[in-house]
Amino acid sequence: SAVAQYIQTNIPAARVGICHGVRNGYEVQKLRRLLAPPLVEVIGTDISPTAKEFPNVIQWDFHDVKEDWIGKVDFIYSNSWDHSYDPEKLFKNWMDCLNPRGRLFIAWTPAHSAPADDADCFSASLEELKSLLSRHGTLEADRIVRQWRIPGKSFIYNIARIALRRKPVKTIHLLVVRPLGCI
């Protein structure tokens, strides 16, 4: 995972991470595996009542913060920011949770710029999202990550698909944001 690699390289002393809007906790489990707990404690949040059914996931509105998170989190990851009804509040609160060496990781795909609807309350082009994030932190990186395989499909299917189509399933921009005034 590009997030885990970035953390290992740039935040080697990371101990606490939060993934917001995780549904079934896939990102949480992947980062916990790649970052080798118990050294790094990664939890997930989701507003759904089913959140409690998944390990290391709590039911929580990602617009809100717990008092004990403020200034203590090493990294936050989300690809669900487009579910926000108040993105200004969302990004301000997330940045408030980060410690001075912390980083916010935001995944953006072209689907995030589709018109808003009941589930995805907010949409933004890549440039609009960068502009919004720059009001709350300093954009440190825009890494392009290409997803080549289709999750849930067999190894043979994915190899054949790659050989025939020779292009990724999707391209993801991973935006890395650090708190204002931090190095």
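The structure under discussion appears in the preceding block.
Chemist: Could you give an account of the environment of Gly-71, naming the residues involved and the relevant values?
Modeler: For Gly-71, the position within the fold is in the loop between β3 (57–59) and β4 (73–78). In sequence terms Gly-71 and Asn-99 are 28 residues apart; their C-alpha atoms lie 4.3 Å from each other. Once residues lying within four places of it in the same chain are set aside, the contact partners of Gly-71 are Asp-96, Cys-97, Leu-98 and Asn-99.

Chemist: Requested: an account of helix α1 (residues 2–10), with residues and values cited.
Modeler: Along an α-helix, residues three or four positions apart point the same way, because every turn accommodates 3.6 residues. Three or more residues of α1 are buried, namely Val-3, Ala-4, Tyr-6 and Ile-7. All buried residues of α1 project into a common sector of 165 degrees when viewed along the axis, lining one side. Exposed side chains of α1 directed beyond 90 degrees from the buried face belong to Gln-5 and Thr-9. The N-capping residue of α1, defined by a side-chain oxygen 3.3 Å from the backbone nitrogen of Val-3, is Ser-1.

Chemist: Mind laying out the packing of aromatic side chains, listing which residues take part and the relevant values?
Modeler: Under the definition given, this model contains five aromatic pairs. Summarising the aromatic geometry, the rings of Tyr-6 and Phe-105 are spaced 5.5 Å apart at their centres and angled 80 degrees between planes, so their arrangement reads as edge-to-face. Taken together, the residues Tyr-6 in helix α1 and Phe-105 in strand β5 (residues 98–108) connect sequence positions 99 residues apart. For the pair formed by Tyr-6 and Phe-105, the shared burial category is buried. Judged by centre distance (5.5 Å) and plane angle (80 degrees), the ring pair of Phe-62 and Trp-94 falls under edge-to-face. Placement of the pair is Phe-62 in the loop between β3 and β4 and Trp-94 in helix α3 (residues 87–97), with a sequence separation of 32 residues. Judged on exposure class, the residue Phe-62 and its partner Trp-94 are both buried. These aromatic residues form a ring-pair network of at least three members: Phe-62, Phe-91 and Trp-94.

Chemist: Which residues make up the pairing of β5, and what values do they have?
Modeler: Of all the eleven residues making up β5, nine are buried; the element is thus mostly covered by neighbouring parts of the structure. Here five bridges tie β4 to β5, and the two strands are oriented parallel to one another. Note that in β5 the partner of Phe-75 across the bridge is Arg-103. As for the winding sense of the linkage, the β-α-β connection from β4 through α3 to β5 is right-handed.

Chemist: Describe the side chain of Asp-46, and please don't skip the residues or the numbers.
Modeler: Among the secondary structure elements, Asp-46 is positioned in strand β2 (residues 41–46). The side chain of Asp-46 sits in the buried core without any salt bridge; Arg-23 is the nearest counter-charge, 5.8 Å away. A distance of 3.3 Å separates a polar atom in the side chain of Asp-46 from the backbone nitrogen of Val-22. Once you skip the residues sitting within four places of it in the chain, Asp-46 turns out to touch Gly-21, Val-22, Arg-23, Ala-51, Val-57, Ile-58, Gln-59 and Trp-60.

Chemist: Talk me through the pattern of salt bridges; I want residue IDs and the actual numbers.
Modeler: Evaluation of the coordinates by the stated rule reveals nine salt bridges. The residue Arg-32 makes a salt bridge to Glu-41 at a minimum N-O spacing of 3.2 Å. For Arg-32, a relative accessible area of 14% translates into the label buried. Residue classification places Glu-41 among the partly exposed residues on the basis of a relative accessible area of 36%. The salt bridge partner of Asp-142 is Lys-130, with a shortest N-O separation of 2.9 Å. Note that Asp-142 is positioned in strand β6 (residues 137–147) and Lys-130 in helix α4 (residues 126–134), a separation of twelve residues in sequence.

Chemist: Can you explain the environment of Tyr-85? Please cite residues and give values.
Modeler: Within the secondary structure, Tyr-85 is located in the loop between β4 and α3. We classify Tyr-85 as exposed; its relative accessible area is 53%. Spatially, the C-alpha atom of Tyr-85 lies 5.6 Å from that of Cys-121, the residues being 36 residues apart in sequence.

Definitions and limits used
- Residues numbered from 1 in each chain as written.
- Predicted model: local features only at pLDDT ≥ 70, side-chain atom pairs only at ≥ 80, totals over all residues.
- Heavy atoms only, no water.
- Helix = DSSP H or I, 4+ residues; strand = E, 2+ residues; numbered from the N terminus.
- Contact = heavy atoms within 4.5 Å.
- Buried < 20%, exposed > 50% of the residue type's maximum accessible area, 1.4 Å probe, protein only.
- Arc of directions from axis to C-beta.
- Polar contact = N/O pair within 3.5 Å; in protein donor to acceptor, adjacent residues only side chain to side chain.
- Phe/Tyr/Trp six-rings, centres within 6.5 Å; stacked < 30°, edge-to-face > 60°.
- Pairing = 2+ DSSP bridges.
- Right-handed = clockwise from strand over helix to strand, strands pointing away.
- Lys, Arg positive; Asp, Glu negative; His and termini not counted.
- Salt bridge = Lys/Arg side-chain N within 4 Å of Asp/Glu carboxyl O.

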